[in-house]
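Fold and contact review
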Amino acid sequence: MQAVDLGPQELRTLVAVADEGGFSAAGARLGSTQSAVSHAVRGIERKLGVVLFERGRYGARPTPAGARAVAHARRVLRMLEVMVAETRGGDEGTAVVGGPLRIAAFRSAALYLLPPVLERLAVSHPGIEPTVRVVREIGPGTAGEVAEGRADLGIATVGTGAPVPPGLVGDVLLEEPYALVHPVGHPAPRSLPLVDWAENCSSSTRSWWAAQDWIPAATVRAEDDGAVLSMVGSGFGMAIMPRLSLTGAPPSVEVTDLGAERPTRKVGYVTTPELAATAVVRALVRELRAGRKPQVNAA
């Protein structure tokens, strides 16, 4: 296979067109013109021998090959940033642990799992500048953000058969049980309608749900787990939720254990193989593991 030489500016052009959805907006972002960006993309497509963007009256959208190219471009550009940061070391060339650190997390992890971790990280490595973006754990979820180069590390719900998605590396941080949550003091909470949200539960947990004849189909759906708790507290129904989502639950709700056969959810971190070796990601992983709770399986 013939080698293809793409420079950093060409990679930035691909990312800008994908992010902005068109050549004109990408040109404005890059301080260039629409025609220059269009010319650059055609040159990249010739080098790669594949069409990267579908052009239309509404802009430019990556083709499947283009989406893969853009993901690689983001990851390469990020590694170039890391290379600069880690080669500007202190005495005897030791790497300085600092610079930006992009984290993607689902809502309850961002609210309850990450804050103490980032607090410890700020003490041990004050030069690191973390940013946390909340991503819905639907479809590609937080792992998709990492694979596509938008995040350095994702806090993700991980499966039982394949804990880490292909092409990524990571580890399980905790295994949390699901519990029944209902209005406080209700005499028969299992008789209430079910309140649910799209991100709730893995396929294995849904299989457990299907075997429980007392769990009805959801009649109330909410945007996220916080809205579910609010609805349950207001008497709209009951819900089955993981413990992390129940952190700081309001006094208007009561949490009841589902017993020894209750389902659980694994929460872990994922990153790319190349970023796993960087100082900033290693520092965050150390703090995540330091705060790792014992896995919860027993009743």
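Look a little higher up for the structure.
This one's a predicted model, so the numbers in the text were calculated from it and none came from an experiment.

1. Quick look at helix α5 (residues 107-124)
Between the first and last C-alpha of α5 there are 25 Å, a value that for 18 residues agrees with the 26 Å anticipated at 1.5 Å per step. Taking the largest bend as the criterion, α5 deviates by roughly 50 degrees, centred on L114, and proline P115 comes between one and four positions later. If you check which residues of α5 are buried, you get S108, A109, A110, L113, L114, V117, L118 and L121.

2. So, helix α8 (residues 225-233)
Taken together, the buried positions of α8 are D225, V228, L229 and V232. Axial view of α8: buried residues confined to an arc of 100 degrees, hence all on one face. Two or three places before G226, at the opening of α8, D224 has a side-chain oxygen 3.0 Å from that residue's backbone nitrogen. At the exit of α8 stands G235, carrying a positive phi of roughly 90 degrees.

3. Observations regarding the side chain of E199
Looking at the element boundaries, E199 is found in the loop between β7 (194-197) and α7 (203-210). For E199, a relative accessible area of 15% translates into the label buried. Of note is the side chain of E199, whose polar atom sits 2.6 Å from the backbone nitrogen of E137. Among residues more than four places away in sequence, those in contact with E199 are F106, V135, R136, E137 and I138.

4. Structural notes on the nonpolar core
In this structure, L101, L153, I155, L284 and L288 are the most contacted members of the largest nonpolar core, which totals 27 residues. Mapped onto this core, the elements with two or more residues apiece are β3 (99-105), α5, β5 (153-158), β6 (169-183), β11 (264-271) and α10 (279-290). Once residues within four sequence positions are removed from consideration, L101 is found in contact with R78, L121, I128, E129, P130, T131, D152, V280, V281 and L284.

What counts as what
Residues numbered from 1 in each chain as written. Predicted model: local features only at pLDDT ≥ 70, side-chain atom pairs only at ≥ 80, totals over all residues. Heavy atoms only, no water. Helix = DSSP H or I, 4+ residues; strand = E, 2+ residues; numbered from the N terminus. Expected span 1.5 Å × (residues − 1). Bend = angle between axes of the 7 residues up to and from the residue. Buried < 20%, exposed > 50% of the residue type's maximum accessible area, 1.4 Å probe, protein only. Arc of directions from axis to C-beta. Polar contact = N/O pair within 3.5 Å; in protein donor to acceptor, adjacent residues only side chain to side chain. Contact = heavy atoms within 4.5 Å. Core = buried A, V, L, I, M, F, W, Y, C linked by side-chain atoms within 4.5 Å.

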